[in-house]
2 protein chains.
Amino acid sequence: MNSFTSENYLKAIYKLVEHGNDAVSTNAIAQKMSTKAASVTDMLKKLADKKLINYQKYQGVSLTPKGEKAALTVIRKHRLWEMFLMEKLDFKWDEVHDVAEQLEHIDSEKLISQIDKFLNYPKFDPHGDPIPDMNGKIQQQKSKAISKYKKNDIVKITGVVDHSASFLQYLDKSGLALGNEIKIKDVVEFDRSLHIVINKRSTLFISNDVAKNILAITK
Amino acid sequence: MNSFTSENYLKAIYKLVEHGNDAVSTNAIAQKMSTKAASVTDMLKKLADKKLINYQKYQGVSLTPKGEKAALTVIRKHRLWEMFLMEKLDFKWDEVHDVAEQLEHIDSEKLISQIDKFLNYPKFDPHGDPIPDMNGKIQQQKSKAISKYKKNDIVKITGVVDHSASFLQYLDKSGLALGNEIKIKDVVEFDRSLHIVINKRSTLFISNDVAKNILAITK
DNA sequence: TAATTAATTTAGATTAGTCTAAAAATATTT
DNA sequence: AAATATTTTTAGACTAATCTAAATTAATTA
Ligand SMILES: [Mn+2]
Ligand SMILES: [Mn+2]
Ligand SMILES: [Mn+2]
Ligand SMILES: [Mn+2]
């Protein structure tokens, strides 16, 4: 089995590849893992030895099919655990991530398949991120940030980009949650800030910075 | 926080102290942990530095109050997770231990208090072992091995001594489970083997070796 | 009590993961 | 195309946990 640490590296590389980058740099990984470039280079050699990544000195890395499968398994476990914590144990969406970071490394196929069943096979986690199935298949939502919609568009919130506790707590306090209907009432030209109406009831003013971090689809 | 490994040492020492031994020997720990005496000595020094155990060269060890609290917390988590796996995820009682060995090290107070609540504050785990409460308090059962009962005694199964999967599977196959009523129909003088009646229905013959590993109280 | 045996500790290595500082390679400017 | 800046890798060291082999202490036996 892959170590706790290896799993975290694979997950980090997966997410960097996912967000555009074709070959991921040593520095990018170091930043994402809050570690130093020298440590990353050491680990990359080990992961390459195990055929989990494609790596040639100075050329950046990508996941092999084997490495991608491993990464997707960790992500599947993380997101299922987040869902479990929220649905069954009354955690709030800003509390689940840190615990899931630990639980995602528990090694038991039966455990995770039973959790999946217990939750009735959810397709998305509490932040709107897709949960890979047993085979690593992902069901993508074609949503975009609400900052990209126009005046009078009516959309449904499907996810968040920023996953930090402070951002999620701000959304809670503002009455924003997954599934909410949002109408773009007005767009301020100067700074792209938005006036929105939530569920046809309350109105709210949000900055462009916030708007860029809320994902939605047209209703 | 204590490392994964430290927690396992503390748990091992706790269980050795629990089963009679006053000061636990290096060799006993090595055997229980499936490691070597030299490794144990190294670890004992570290645990002593952290004031988790009382240790003087060649004199054996015991837990300090701080060490005992830590051990009981791990045991509480282990047994709650076993209960969760069995009650909520349809694991069998011979399948829960290995996964609980991993889950017991997850560090989150909220997680464990919510699991406890979710299970409705169970007092005993799937093997009949007591689950320490938040403060480390244990509710002991005054049960003894059915090998110690006499002919015509009627008792209720409350736990097992041996926790191995093979023993538990043997009990399953024989129709023996926690809560069952057992009548000692006959005791064979020669080898102390027993004829028993389960729930007033089926009769079964068990060896003294088996009888010593089944705990029960008089009905 | 002395000799022998058993238990425990120390010494010295090893492995995984990390770090800092220095060297080497690549990318960017001039 | 050189010079400079940036990125990446290497070298060497550190910690936690482990091991084998040797030394030391304690326990048992004669
Ligand atoms: Mn998360
Ligand atoms: Mn999530
Ligand atoms: Mn167990
Ligand atoms: Mn148990």
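Just above sits the structure.
The sections below set out a description of the structure shown in this document. (Residues numbered from 1 in each chain as written. Chains lettered and ligands numbered in written order. Predicted model: local features only at pLDDT ≥ 70, side-chain atom pairs only at ≥ 80, totals over all residues. Heavy atoms only, no water.)

### Thoughts on a positive patch on the surface
All names here are of chain A. Spelled out, the test is: Patch membership needs two things, relative accessible area over 30% and no salt bridge, and members are linked within 9 Å if like-charged or within 5 Å if nonpolar (Val, Leu, Ile, Met, Phe, Trp, Tyr). All accessibility values rest on the Shrake-Rupley procedure with a 1.4 Å probe; residue burial counts only the protein chains present in the view. The term salt bridge refers to a side-chain nitrogen of Lys or Arg lying within 4 Å of a carboxyl oxygen of Asp or Glu. Two residue types count as positive, namely Lys and Arg, and two as negative, namely Asp and Glu; His and chain ends fall outside the count. A single reference atom marks each charge: NZ on Lys, CZ on Arg, CG on Asp, CD on Glu. We count a stretch as a helix when DSSP gives it H or I for four or more residues in a row; a strand needs E for two or more, and each element gets its number in order from the N terminus. We call a residue buried when its accessible area falls under 20% of the maximum for its residue type, exposed when it is over 50%, and partly exposed in between, using a 1.4 Å probe and counting protein chains only.
Among the surface-exposed residues, K46, K50, K51 and K66 lie close enough to one another that they form a single positively charged patch. Considering the arrangement of structural elements, one finds K46 in helix α3 (residues 37-49). Taking the relative accessible area as the measure of exposure, K46 reaches 48% and is therefore partly exposed.

### Comments concerning the pattern of salt bridges
The full count for this structure, using the stated rule, is 16 salt bridges over all chains. A salt bridge links D125 of chain A to R79 of chain A, with the shortest nitrogen-to-oxygen separation between them at 4.0 Å. Remark: R79 of chain A occurs in helix α4 (residues 65-89) and D125 of chain A occurs in the loop between α6 (109-118) and β3 (144-145); sequence separation between them is 46 residues. Between K11 of chain B and E101 of chain B there is a salt bridge; the shortest N-O distance is 2.9 Å. With K11 of chain B in helix α1 (residues 4-18) and E101 of chain B in helix α5 (residues 96-103), this pair connects stretches of sequence that are 90 residues apart. Using a relative accessible area of 8% as the deciding quantity, one classes K11 of chain B as buried. Judged by relative accessible area, which is 24%, E101 of chain B ranks as partly exposed. Members of the salt-bridge network, linked through shared partners, are K11, E101 and E104 of chain A.

### Considerations on the coordination of the manganese ion (ligand 1)
Residue and element names in this part refer to chain A. We count it as follows: Listed donors are limited to N, O and S atoms within 2.8 Å of the metal, widened to 3.2 Å for Na, K and Ca; water is not among them, so incomplete-looking sites are possible.
Protein coordination of the manganese ion (ligand 1) is provided by H78 (NE2), E82 (OE) and H97 (ND1), with donor distances spanning 2.1 to 2.2 Å. Read in sequence order, the donor residues coordinating the manganese ion (ligand 1) give the pattern H-x3-E-x14-H. In this model, the manganese ion (ligand 1) sits 3.6 Å from the manganese ion (ligand 2), the two metals being bridged by E82. Here the residue H78 and the residue E82 both occupy positions in helix α4, the gap between them amounting to 4 residues, near one helical turn. For the pair formed by H78 and E82, the shared burial category is buried.

### Overview of the sheet that holds strand β7 (residues 202-206) of chain A
All names here are of chain A. This is how it is decided: For two strands to be treated as a pair, DSSP must find no fewer than two bridges joining them.
If you walk across this open sheet you meet the 6 strands as β3-β8-β4-β5-β6-β7, and the pairing is antiparallel. Each end of this open sheet is capped by a strand with a single partner; those strands are β3 and β7. Where strand β4 (residues 154-160) lies against strand β8 (residues 214-218), 5 bridges are found, and the strand directions are antiparallel. Bridge pairing in β8 links V155 to T218.

### As for the environment of L72 of chain B
All names here are of chain B. Test applied: Note on contacts: a residue pair qualifies if any of its non-hydrogen atoms lie within 4.5 Å across the two residues.
Counting through the fold element by element, L72 comes out in helix α4 (residues 65-89). Spatially, the C-alpha atom of L72 lies 8.9 Å from that of D133, the residues being 61 residues apart in sequence. Not counting the four nearest positions on each side in its chain, L72 is found in contact with Y14, P132, G136 and I138.

### Focus: the coordination of the manganese ion (ligand 4)
Residues and elements named next belong to chain B. Looking at the manganese ion (ligand 4), one finds its protein donor set to be E82 (OE), D125 (OD) and H127 (ND1), positioned 2.1 to 2.2 Å from the metal centre. Going along the chain, you hit the donors of the manganese ion (ligand 4) in the pattern E-x42-D-x1-H. In this model, the manganese ion (ligand 4) sits 3.6 Å from the manganese ion (ligand 3), the two metals being bridged by E82. There is no split in this pair, since D125 and H127 are both buried.

Everything listed here is a matter of coordinates, which is why it stays silent on function.
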